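Single-letter residue listing:
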Amino acid sequence: MMKYIMIISILAFLIGCSNTNENLIKETESKLIIEQYFYTKNEEDLRLLSEKLREEGYKINDYKSYELRGETEWYFYSSKEIYEDEIDIEDSKSENYAKEYNVGYDGHGFPLE
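Let me begin by describing the structure that accompanies this report. (Residues numbered from 1 in each chain as written. Predicted model: local features only at pLDDT ≥ 70, side-chain atom pairs only at ≥ 80, totals over all residues. Heavy atoms only, no water.)

**Re the overall build of the protein**
The secondary structure content of the protein amounts to three helices and four strands. Counting from the amino terminus, the protein carries its helices and strands in the arrangement α-β-α-β-β-α-β. Within the protein, buried positions represent 28% of all 113 residues. A total of about 8000 Å² of accessible surface is found on the protein, and carbon and sulfur atoms cover 54% of it. (Helix = DSSP H or I, 4+ residues; strand = E, 2+ residues; numbered from the N terminus. Buried < 20%, exposed > 50% of the residue type's maximum accessible area, 1.4 Å probe, protein only. Areas by Shrake-Rupley, 256 points an atom, 1.4 Å probe, with all protein chains shown as cover.)

The following block contains the structure:
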């Protein structure tokens, strides 16, 4: 009986250690700030998208307009701190949001610091 209790104790200890290692790996994985650029001639679409991104923890930077060939175009940069392995997920999500909100999306980048 004591033998089985020892085996169960050792297994429980090893399972606990493996979960801790996964958490440590995620905590030590490097974080970065992803920056994305959205633009459109329809300010309302861009405003709605900016609200959606704020809800997801993005910071909206440089929400501005400019003249392009006699027309006003609106744009902003969004930024968010993420783990490196989340870049593709966030990029795909932004591409989908650009289609959903009918705005242009010029990919992601990393701010120069």
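Next comes the rest of the write-up.
**Some remarks on the side chain of Ser79**
With respect to the helices and strands, the residue Ser79 is situated in strand β3 (residues 71-83). Exposure remark for Ser79: the relative accessible area of 12% places this residue in the buried category. Sequence-distant contacts of Ser79, that is, excluding residues within four places in its chain, are made with Ile33, Ile34, Glu35, Gly57, Tyr58, Lys59 and Asn61. (Contact = heavy atoms within 4.5 Å.)

**Side note on the nonpolar core**
Residues Ile34, Phe38, Leu49, Leu53, Phe76 and Val103 are the most contacted members of the largest nonpolar core, which totals 16 residues. Going through the elements one at a time, β1 (31-40), α2 (43-55), β3 and α3 (87-100) are the ones with two or more residues in this core. Setting aside anything within four residues of it in sequence, one finds Leu49 in contact with Phe38, Phe76, Tyr97, Tyr101 and Val103. (Core = buried A, V, L, I, M, F, W, Y, C linked by side-chain atoms within 4.5 Å.)

**Points about the pattern of salt bridges**
On inspection of all chains with the given rule, the structure shows seven salt bridges. Here Glu71 and Lys41 are joined by a salt bridge, their closest N and O atoms 3.5 Å apart. Taken as a pair, Glu71 in strand β3 and Lys41 in the loop between β1 and α2 lie far apart in primary sequence, 30 residues in all. Judged by its relative accessible area of 42%, Glu71 falls in the partly exposed class. What makes Lys41 partly exposed here is its relative accessible area of 47%. The salt bridge involving Lys93 is made with Glu56; its shortest N-O contact spans 3.4 Å. Linking Lys93 in helix α3 with Glu56 in the loop between α2 and β2 (59-68), this pair joins segments that are 37 residues apart in sequence. Under the relative-accessibility criterion, Lys93 is labelled partly exposed at 26%. Overlapping salt bridges bring together Lys52, Glu56, Glu90 and Lys93 as one network. (Salt bridge = Lys/Arg side-chain N within 4 Å of Asp/Glu carboxyl O.)

On their own, these measurements won't tell you what the molecule is for.
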